[in-house]
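Breakdown of the fold
Each chain, letter by letter, is given below.
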Amino acid sequence: MHIYGAAAPFLVEKRGYQGIMEDKEKGRSRKKKTFPVLAAAIAGAVITVAAAAGAGYYIYRGKQYETVFFLSTSINGIDASEKTVDQMKKLISREIDSYELTIKKRGGKTEKITGEDIGLHSVFDGKLEEYLASQDPLEWWSSGRKQKDYEVQVMSEFDEGMLEERIGTLELFQEENMEPPKDAYLSDYLPGQGYVVMPEEPGTVLDKEKTAREIRKAVAGMEKELVLEELDVYEKAAVTGEDPELNGIADKLNKYANMTVTYLFGEKEEILDGNLISGWITMEDTGEVSLSQEAVTAYVEDLAARYDTANQKKMLKTSYGPTVEITKGFYGWKMDQDTEAQALYEILMSGQSQAREPAYLQTGASHGDNDYGDTYVEINLTAQHLFFYKDGRLLVESDFVSGNAARGYSTPSGAYPLTYKQRNATLRGADYATPVSYWMPFNRNIGMHDATWRGSFGGSIYKTGGSHGCINLPKTAAKTIFENIEKGMPVLCYHLEGSESGSSSRGSSSVVLGDSGDGGAEKPAPAPSPSPAPTQAPAPTPTPTPTPAPAPTPTPAPTPAPAPQESPADPGAAAVPETSPVPETESQPVEPETTEEEVRTGHPWEYGPGTTQPAQTEGADSLPETAAAAEEGGAPQ
């Protein structure tokens, strides 16, 4: 059985395969006969049910939009899609509840007014309900695809009394927080800039009425920010930086303050600019600029005090080696302060910058280490020896005779400018009238000149037989100096201890190194010795040693005695030294027509040369009659 039972299915299956296939064919034939009727019935039922269901859902869905807004609906910028009126009120109210107005003040500070400060709340006037009622719920499908934006005009309300109270408590209205505006003004002089119009400062004082009005407007419009700087609410300065009158004043002042006057003192400069000028100018009520004449004068006085060298000590490295200090005399630069002050005033008033040299009453040779330069006469009163340098080269070296020390006529030391030079002058005093060929005064009426009546120069002649103060020179030396010296050139007189010379020289032995008339060759000056001891020039031809005459007893106010007379010139006789005693004789007038006004008394440096003879052509050998007389023996000066 187990086996049958096990094999039976196989046998049945194998035996009945054809039968089974025949049964299936029979069944298929039966189904084909009933399908069309049944399928149609089922399809109709399904469609009916589906249509009913769809319609029901659409109506159901549309029913919801009786209480909510369609999709794609916005109210005052807030998305109202599928939201109820109450929900929208809450959303709108939430926006209002969080409202605050930020007030931006000048300077970057801010203040706020909140909705709570002013009792701000929502007010709904039925517009939301109207918008919702206007919706057709059955149009939800088509309406949901179209954007709808609604605006509600009145949606908030605040308490005006509370707003006014809050405005009154704002810090921006408190007096202690207000800075008044400041007008534009003209600065003091600024170096490198001049006078500058400084702009106005706006301040923080508000027009309260205007400002409150702008705040109310902002709150009513639910604005979130109010920038006061953009509104016309701040008090303004009365004078602004663009003020034409103020700028006109600045322009006028800067015309003077921005100019410069550069004073030239050799390689040095003094620049006068706005740093000083600004303190000298003022603006008058008439709108005109005035300049202080007193300040200009004081400035020129200061320049003169610092740069004038006249009447100042001078250091001279002598031809003997040592350096001497010359403390007297008036040689050097001397500014004409009155003329220069007036010139500077006019320059400043013109407003034109320039460089200039000051006006001088007297000039020096140089603005360098020494003001006398390298062309000067060096007169050693102790050694009675002279050197004339021109352009740094020794041109003349000669002995001389200076003022009579015994009679109180000693030649003063000091640095002096040559006053002028004159050919063929007659030097007049109370008791003499002396013609000379070459007259070169330098210290008032003390000067250099030829002394043809003298046979000897140098040594100690001056102590008792000297002049009335002038420098008596051999004619050859005087001539060469005269031909090479000009007005204003320095004459430096000094004493040098230890340089005395015990011997005098003949007039013909003066050393003329560069006499253009004689064609002598110019030689460089000998290098000064570093030793204090003087380096003497080559010894001149000796002359008989003079016998000094007793010096007259000086009196407080000496009256010059008649001038001593030299012995008449005799080509065959030896010259008589000036220091030999000569009896005083009554002075004879050289020119009978001399008037009383031409006769003066006192020392020669107190009165000056008297009437001079007509000038001769330089280089002429002839002299006037009076000069010729002097050649034969006359009163020396």
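The structure reproduced in this document is the subject of the present report. Here the structure is a predicted model, which means the values were calculated and not measured.

Reading the values: the criteria
Residues numbered from 1 in each chain as written. Predicted model: local features only at pLDDT ≥ 70, side-chain atom pairs only at ≥ 80, totals over all residues. Heavy atoms only, no water. Pairing = 2+ DSSP bridges. Helix = DSSP H or I, 4+ residues; strand = E, 2+ residues; numbered from the N terminus. Axes fitted to C-alpha atoms, helices over the stretch in contact; angles between N-to-C directions. Contact = heavy atoms within 4.5 Å. Buried < 20%, exposed > 50% of the residue type's maximum accessible area, 1.4 Å probe, protein only. Patch = residues over 30% accessible without salt bridge, like charges linked within 9 Å, V, L, I, M, F, W, Y side chains within 5 Å. Areas by Shrake-Rupley, 256 points an atom, 1.4 Å probe, with all protein chains shown as cover. Salt bridge = Lys/Arg side-chain N within 4 Å of Asp/Glu carboxyl O. Core = buried A, V, L, I, M, F, W, Y, C linked by side-chain atoms within 4.5 Å. Polar contact = N/O pair within 3.5 Å; in protein donor to acceptor, adjacent residues only side chain to side chain. Parallel < 35°, antiparallel > 145°, perpendicular 65-115°, else oblique. Left-handed = near helix turned anticlockwise from the far one by under 90°. Nonpolar A, V, L, I, M, F, W, Y, C, P; charged D, E, K, R; others polar.

**What about the sheet that holds strand β25 (residues 433-443)?**
The strands making up a sheet associate through hydrogen bonds between their backbones, and the pairing can be parallel or antiparallel. The strand order across the open sheet built from 4 strands is β24-β25-β26-β28, with neighbouring strands paired in mixed fashion. With one partner strand each, in any of the chains shown, β24 (422-428) and β28 (471-473) form the two edges of the open sheet. Averaged over all pairs of adjacent strands, the angle between strand axes in this sheet comes to 45°, irrespective of strand direction. Across 4 bridges, β25 lies against strand β26 (residues 446-450) in antiparallel orientation. Residue pairing for β26: P441 is matched across the bridge by G447. Against the sheet, helix α14 (residues 475-484) engages β24, β25, β26 and β28, with an angle of about 50° to β25.

**Regarding the environment of F330**
On the secondary structure map, F330 appears in the loop between β16 (323-326) and β17 (334-335). You can call F330 partly exposed: its relative accessible area is 22%. For F330 and P417, which are 87 residues apart along the polypeptide, the C-alpha to C-alpha distance reads 7.5 Å. With residues up to four places along the chain from it excluded, the contact list for F330 reads A310, N311, Q362, A415, Y416, P417, F442, N443 and R444.

**Comments concerning a nonpolar patch on the surface**
Residues L38, I42 and V46 make up a contiguous nonpolar surface patch of about 290 Å² in total accessible area. Tracing the backbone through its elements, the reader meets L38 in helix α3 (residues 35-64). When its relative accessible area of 52% is taken as the criterion, L38 is described as exposed.

**A short note on the sheet that holds strand β1 (residues 73-75)**
Spatially, 3 strands are ordered β2-β1-β6 in an open sheet, and the strand pairing comes out mixed. Strands with a single pairing partner mark the edges of an open sheet, and in this sheet they are β2 (78-79) and β6 (148-150). Relative to β6, β1 runs parallel, the two sharing 3 bridges. Across the sheet, the residue bridging to I75 is Y150, located in β6.

**Let's talk about the pairing of strand β20 (residues 376-380)**
Within a regular strand, the side chains alternate between the two sheet faces. Of all 5 residues in β20, 5 are buried, a share of seventy percent or more. The two faces of β20 match: Y376, E378 and N380 on one face and V377 and I379 on the other face are all buried. Bridge analysis of β20 against strand β21 (residues 385-390) gives 5 bridges, and the strand direction is antiparallel. The residue bridging V377 from the neighbouring strand is F388, located in β21. Hairpin geometry of β20 and β21 is characterised by an intervening segment of 4 residues between the two adjacent antiparallel strands and by a positive phi of about 55° at Q384. Sheet analysis places β20 next to strand β29 (residues 490-494), joined by 4 bridges and oriented parallel. Along β29, the bridge assignment pairs N380 with Y494.

**Quick look at the nonpolar core**
One finds F69, M88, L101, I103, I113, I215 and L228 to be the most contacted residues of the largest nonpolar core, which totals 35 residues. The set of elements that each furnish at least two residues to this core consists of α4 (85-97), β3 (100-104), α5 (127-133), α7 (160-168) and α8 (208-220). Sort the elements by how many residues they give to this core and α4 lands first, with 5 residues. Apart from the residues lying within four places of it in its own chain, the contact partners of I215 are L101, I103, I113, I167, L170 and L226. Core analysis: the second largest hydrophobic core is formed by 29 residues, V261, Y263, L272 and Y307 among them.

**As for the side chain of N472**
The topology assignment puts N472 in strand β28. A polar atom in the side chain of N472 sits 3.3 Å from the side chain of H449. A polar atom in the side chain of N472 sits 2.9 Å from the side chain of R454.

**Side note on the packing of α7 against α8**
Look at α7 against α8: their axes get within 11 Å of each other, and the N-to-C directions meet at 135°. In this view, α7 runs oblique relative to α8, as classed from their interaxial angle. The interaxial crossing formed by α7 with α8 has right-handed handedness. Side by side, α7 and α8 meet where L163, E164 and I167 of the first sit next to A212, I215, R216 and V219 of the second. When the residues that make up the contact of α7 with α8 are grouped by side-chain class, the tally is 5 nonpolar, no polar and 2 charged.

Honestly, that's just the spatial picture; any functional story needs more than this.
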